[in-house]
Amino acid sequence: MQAEPVTVSAQPASDFKRSATRQASRVSRKIAGIALTLAILMWCFIASSIWSENEAALENGRIQVYNLTAAFAAELSLRFDSVDARFREIATILRAVPPGPQGLRRLAQEIPAAVDPGIDVRIVGPDGRLLFSTLQPDMGSAGYGGQQHFIAHRSDAAAGLSLDAPGPVPGTADFRVEVSKRLETADGGFAGEAVLLLPAESLIRLNREIDIGHRGVVVIAGLDGVVRAGYDLDHPDGSAGVGTDLRGAPYPDSLGPGSAAYYVRIGRFQGVERLVGIRRLARYPANVLVALDLNDVLGPARTHLWFVGMVGLGATALIGALSLLLMREVWRRTRREIELSFDRDRLALAQSQIEADRARLAETNRELMASKDSADAANRAKSQFLAHMSHELRTPLHAIIGFSELIKDQAPSGPGAPPIAGYARDIWTSGRHLLELINAILDISKVESGTATLTETVFSVEDLVRTSLISVRSQAGARGIAIDVRLPDGRPKVWADRTRLQQILINLLSNAVKFTPDHGRIVLAVRLNDNGEMELSVTDSGIGMTEADIEVALVPFGQVDNSLSRSFEGTGLGLPLALRLTELHGGRLELKSAKGQGTIATVTLPAGRTR
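Attention in this report is confined to the structure presented alongside it. Every residue gets a number counted from 1 within its own chain, in the order that chain's sequence is written. Per-residue local features are limited, in this predicted model, to residues with pLDDT of at least 70; the limit for side-chain atom pairs, both in listing and counting, is 80 or more; totals at the level of whole chains, interfaces and linings are taken over all residues. Side-chain figures throughout are based on the complete set of non-hydrogen atoms in the structure, without hydrogens or water.

1. Quick notes on the pairing of strand E2 (residues 130–133)
Alright, step 1. By this definition, two strands are paired if DSSP reports at least two bridges between them. Secondary structure counts use DSSP, requiring at least four H or I residues in a row for a helix and at least two E residues in a row for a strand, with both numbered from the N terminus. By the bridge criterion, 3 bridges tie strand E1 (residues 120–124) to E2 in an arrangement that is antiparallel. Counterpart to Arg-122 in the pairing with E2 is Ser-133.
Alright, step 2. As consecutive antiparallel partners, E1 and E2 are separated by 5 residues, and within that stretch Gly-128 has a phi angle of approximately 90 degrees, a positive value.

Put into structure tokens, the structure is as follows:
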């Protein structure tokens, strides 16, 4: 009975692959979504932090420019208070001097004493002509009638101080700012104006003590937005950006007295982006601007921005890398699980095949066991039959051999005598050959059936060799074959069944004589090897055998020369019987041969049998 193979479908593994792939895709999308959300939240936090820090830096900058504009406005107001006091002294002097040349000489004496040294005081008449100058007495026909500040003083009695367009002093490197004020007669009429040319560097001095940065600037501007004086590191004399019109967004068009404003813009001069604070003086027509380089204001914040940005980029890269690694690990594990699923299916299929093969093998094994039992029974029956038949054949064979020998010896053999003696000799020879054949068959049968026993004694190997040679010496001598015997020193002895061992040696010698050509050579050698084992070797110079021939020769009734026209006689039992008897002694029989080069047959007995 043969089991049918079982086939396992691959559908479960395919279904698992699809579901695992979908699951891995979902997990990968979740990981990507979480990573993207974390990155967005992180960058929102970074942006908020940067914006907050930037706003804080701007607020600190506004506070700084607020304080600076307040300080510079206070200093400039004090300076204008001093100038206004000088104007009042000049007006008092003018009302006290008489008109004409004599009055001008008196002015030249009294006015310089009323102002600081180096300040040019000019007196302009009601018609706009220059009447007097302390530093430039020879002004020619210079007039102020068309200038804005003169027109304003003439038309408006409450104009107060006027901060006019600046300019360099001819013939000098000084940069001066014109400050003018209306002059009135005793009855309040227009009497002209007084003009003070003040060094621009004298209006503000705090800029030399306060660090406003490398590109910071302090500006004094009129209400018209035109720069009257500007101070920075490169222009401490107040000449920076003089005459520049600052109007235009985000410059405030109207600013109340004493109020302040802030804005950021790229400067009208130098082209630097600045944080600008502007404050209008409370009592005078002037604005004070403090402009700080925006890079200085936002420098720490921007440095922190770069740092936070780099950290953010690193964190984003880290999140991305971790997400990729995690997704790769998810897909790697998914692929591994898919492979394991297919492996499980293959293993299940292989297991089912193994189970089917196991069933078939079990059935085959049962059949083989039955065949073996049958073969063993047949072999035992054969051995018993052979043993019985051999015993039954021996009795008549012994009678035939005995009577043929008696007839052979007593029959007349002279000339003219009947050929009875020759017939009896042939009968005796055939009987002896048949008896030897039956004995060999009986011995092999006993060994194969396990009934053969050994009668073991200790005897000399030299005696064994001498008695064995008796059986083959006459045959070898008839063909001119020389037998060379080589024995070891010390006359070793062996513990074995002498009859069986002699039978082995005689069979090997008989084969050697049979297959050795006439006048050949045979060497019978006995020696002890390195392991203490005894080796009995028979070397001939016969026809030799191949490896295949050796296998045939060791099988009972095997004939190497199996053609119809055989060259050598024999039953094919000599070598198989020698092999079985050697193995019965616990030894081994080895044949080494080559075609046309002879054969070496070696019997090796265990070391325990050597004495």
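From this point, the discussion proceeds with the structure in view.
2. Re the nonpolar core
Alright, step 1. Counting residues in each nonpolar core, the largest one holds 50 residues, and the members touching the most others are Phe-80, Ile-90, Ile-123 and Leu-203.
Alright, step 2. For this core, the element with the most residues is helix H1 (residues 11–96), which contributes 14 residues. Only buried residues count toward a nonpolar core, which is a set of Ala, Val, Leu, Ile, Met, Phe, Trp, Tyr and Cys residues joined through side-chain atoms within 4.5 Å. The buried label applies to any residue whose accessible area, calculated with a 1.4 Å probe on protein chains only, is under 20% of its type's maximum; exposed applies above 50%, and partly exposed to all values in between.

3. Focus on the pattern of salt bridges
Where charged atoms from two side chains of opposite charge come close, those side chains can pair.
Alright, step 1. In the sections that follow, a salt bridge refers to a side-chain nitrogen of Lys or Arg positioned within 4 Å of a carboxyl oxygen of Asp or Glu. Counting across every chain of the model gives 28 salt bridges.
Alright, step 2. The partner of Arg-215 in a salt bridge is Asp-293, with the nearest N and O atoms 2.9 Å apart. Taken together, the residues span a long stretch of sequence, with Arg-215 in the loop between strand E6 (190–199) and strand E7 (217–222) and Asp-293 in strand E11 (residues 286–293) at a distance of 78 residues.
Alright, step 3. For Asp-549, the salt bridge goes to Lys-595, with nearest N and O atoms at 3.5 Å. Here Asp-549, found in helix H8 (residues 547–553), pairs with Lys-595, found in the loop between strand E17 (588–593) and strand E18 (599–605); they are 46 residues apart in sequence, far enough to count as distant.
Alright, step 4. Residue Lys-595 is classed as exposed on the basis of its relative accessible area of 53%.
Alright, step 5. Connected through shared salt-bridge partners, Asp-84, Arg-88 and Lys-181 make up one network.

4. Considering a nonpolar patch on the surface
Alright, step 1. By definition, no residue in a patch forms a salt bridge, and every one has over 30% relative accessible area; like charges are joined within 9 Å, nonpolar side chains (Val, Leu, Ile, Met, Phe, Trp, Tyr) within 5 Å. Working definition of accessibility: Shrake-Rupley area with a 1.4 Å probe, residue cover restricted to the visible protein chains. Taken together, the side chains of Phe-403, Leu-406, Ile-407 and Ile-420 present a nonpolar region at the surface, about 380 Å² in accessible area.
Alright, step 2. Ranked by the residues each element gives to the nonpolar patch, the list is headed by helix H4 (residues 294–410), at 3 residues.
Alright, step 3. Checked against the element boundaries, Ile-407 lands in helix H4.
Alright, step 4. On the basis of relative accessible area, Ile-407 is assigned to the partly exposed category, the value being 40%.

5. Some remarks on helix H7 (residues 498–515)
Alright, step 1. With 18 residues, H7 ought to run about 26 Å at 1.5 Å a step, and its terminal C-alpha atoms sit 26 Å apart, in line with that.
Alright, step 2. Counted as a polar contact is a pair of N or O atoms within 3.5 Å, where, for protein atoms, one must be capable of donating a hydrogen and the other of accepting one, and residues adjacent in sequence contribute only when both atoms are in side chains. Capping of H7 at its N-terminal end is provided by Asp-497; its side-chain oxygen lies 3.2 Å from the backbone amide nitrogen of Thr-499. Helix span, as expected, comes to 1.5 Å for every residue beyond the first.

6. Examining the environment of Asp-116
Alright, step 1. Relative to the elements of secondary structure, Asp-116 occurs in the loop between helix H2 (101–114) and E1.
Alright, step 2. Judged by relative accessible area, which is 32%, Asp-116 ranks as partly exposed.
Alright, step 3. Along the backbone, Asp-116 and Leu-198 are 82 residues apart, and their C-alpha atoms lie at a distance of 9.7 Å.
Alright, step 4. Any two residues whose heavy atoms approach within 4.5 Å are treated as being in contact. Ignoring any residue separated from it by four or fewer positions in sequence, one finds Asp-116 in contact with Arg-79 and Arg-86.

From the geometry alone we can't say anything about function, so treat these as descriptive.
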